[in-house]
Amino acid sequence: MITRLAHVCIGATDLAATERFYVDSLGMAVAFEFFRGDQRIGFYLKAGDSTFIEVFAERENPNFERPIIKHFCLQVEDLGAAVGKLQRAGVDVSAMKLGGDGAWQAWITDPSGVRIELMQYGDDSSQFSGEKVTLD
């Protein structure tokens, strides 16, 4: 059912400094960016093949209620089949929805409260096209 770790989502209290660290210091590349209106609020970093680090700006310093690591995402080949299997196993799973990046997603939570995104990429997903994503 699971094919790979798709991404880890982290918060950044200084978006520009975080980008410089990952791009300039670690040699990673920005895959695409997130905008709300004209404001850049985040970006994806390439971490090899179809694995990424997703970064979103944080307005406040992290704490237990607002962790700096937001969730991790597992890539699946067939999201509908994965959701069905989880439902049959009694796991509470969200409805599937098409994200702003053109990838299908559903959400589950592990017994300790860790949020897990399940994602099925499409051919035109921003992860492959590099197209920026504008969120409402």
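Residues numbered from 1 in each chain as written. Predicted model: local features only at pLDDT ≥ 70, side-chain atom pairs only at ≥ 80, totals over all residues. Heavy atoms only, no water.

1. Brief notes about the overall build of the protein
Note the following rule: The helix and strand labels rest on DSSP assignments: H or I over at least four residues marks a helix, E over at least two residues marks a strand, and numbering proceeds from the N terminus. Only the C-alpha atoms count toward the radius of gyration. The rule for a globule is 2.2 Å times the residue count to the power 0.38. The rule is simple: take the accessible area with a 1.4 Å probe, protein chains only, and divide by the maximum for that residue type; under 20% is buried, over 50% is exposed, in between is partly exposed. Accessible areas in this description were obtained via Shrake-Rupley with a 1.4 Å probe; residue shielding takes into account the shown protein chains only.
Tallying secondary structure elements over the protein gives 3 helices and 9 strands in all. Going from N to C terminus, the protein has its helices and strands arranged as β-α-β-β-β-β-α-β-β-β-α-β. Relative to the 2.2 N^0.38 estimate, which gives 14 Å for 136 residues, the radius of gyration of the protein is 15 Å and therefore close to what a compact globule would have. Dimensions of the protein, computed from the C-alpha atoms along their principal axes, are close to 45 × 35 × 30 Å. The proportion of buried residues among the 136 residues of the protein is 40%. When the accessible surface of the protein is totalled, it reaches about 7,900 Å², and 50% of it is carbon and sulfur.

2. Side note on the sheet that holds strand E7 (residues 104–109)
To be explicit about the condition: When DSSP finds at least two bridges between two strands, those strands are taken to pair. Whether two residues are in contact is decided by their heavy atoms: any pair within 4.5 Å suffices. Here the axes come from fitting lines to C-alpha atoms, over the contacting stretch only for helices, and the angles between their N-to-C directions go from 0 to 180 degrees.
Strand order across the open sheet formed by 9 strands is E6-E7-E8-E5-E1-E4-E3-E2-E9, with mixed pairing between neighbours. Looking at which strands have only one partner, the edges of the open sheet turn out to be strand E6 (97–98) and strand E9 (133–134). Here strand E2 (residues 30–36) pairs with strand E3 (residues 39–46) via 6 bridges, running antiparallel. Along E3, the bridge assignment pairs Phe 34 with Gly 42. Against the sheet, helix H1 (residues 15–25) makes contact with strand E1 (2–12), E2, E3 and strand E4 (52–57), and its axis sits at roughly 15° relative to E3, the strand it touches most. Where helix H2 (residues 79–88) meets the sheet, it contacts strand E5 (69–76), E7 and strand E8 (115–120), and its direction lies at approximately 20° from that of E7.

3. What to know about unusual backbone geometry
Its identity is not glycine, yet Asp 49 carries a phi of approximately 50°, on the positive side. As for its position among the elements, Asp 49 is in the loop between E3 and E4.

4. Some remarks on H1
Convention followed: Note: the arc covers the axis-to-C-beta directions of the helix. Pairs of N or O atoms within 3.5 Å make up the polar contacts considered here, provided that, within protein, one atom can donate a hydrogen while the other can accept it, and that residues adjacent in sequence are counted only when both atoms are side-chain atoms.
What H1 keeps buried is the set Leu 15, Thr 18 and Tyr 22. Buried residues of H1 fall within an arc of 70° about the axis and therefore sit on the same side. Across from the buried face of H1, at angles greater than 90 degrees, the exposed residues are Asp 24 and Ser 25. Packing partners of the buried residues in H1 comprise E1, E3 and E4. For H1, the N-terminal capping position is held by Asp 14, with its side-chain oxygen 3.3 Å away from the main-chain nitrogen of Ala 16.

5. Digging into a nonpolar patch on the surface
The criterion, for reference: Within this analysis, patches are made of residues with over 30% relative accessible area and no salt bridge. Like charges are joined at 9 Å or less; nonpolar side chains (Val, Leu, Ile, Met, Phe, Trp, Tyr) at 5 Å or less. Just to be clear on terms, a salt bridge is a Lys or Arg side-chain nitrogen sitting within 4 Å of an Asp or Glu carboxyl oxygen.
Nonpolar side chains collect at one region of the surface, where Met 96, Leu 98 and Trp 104 lie side by side and expose about 280 Å² of accessible area between them. Tracing the backbone shows Leu 98 in strand E6. Look at Leu 98 and you get partly exposed, because its relative accessible area is 49%.

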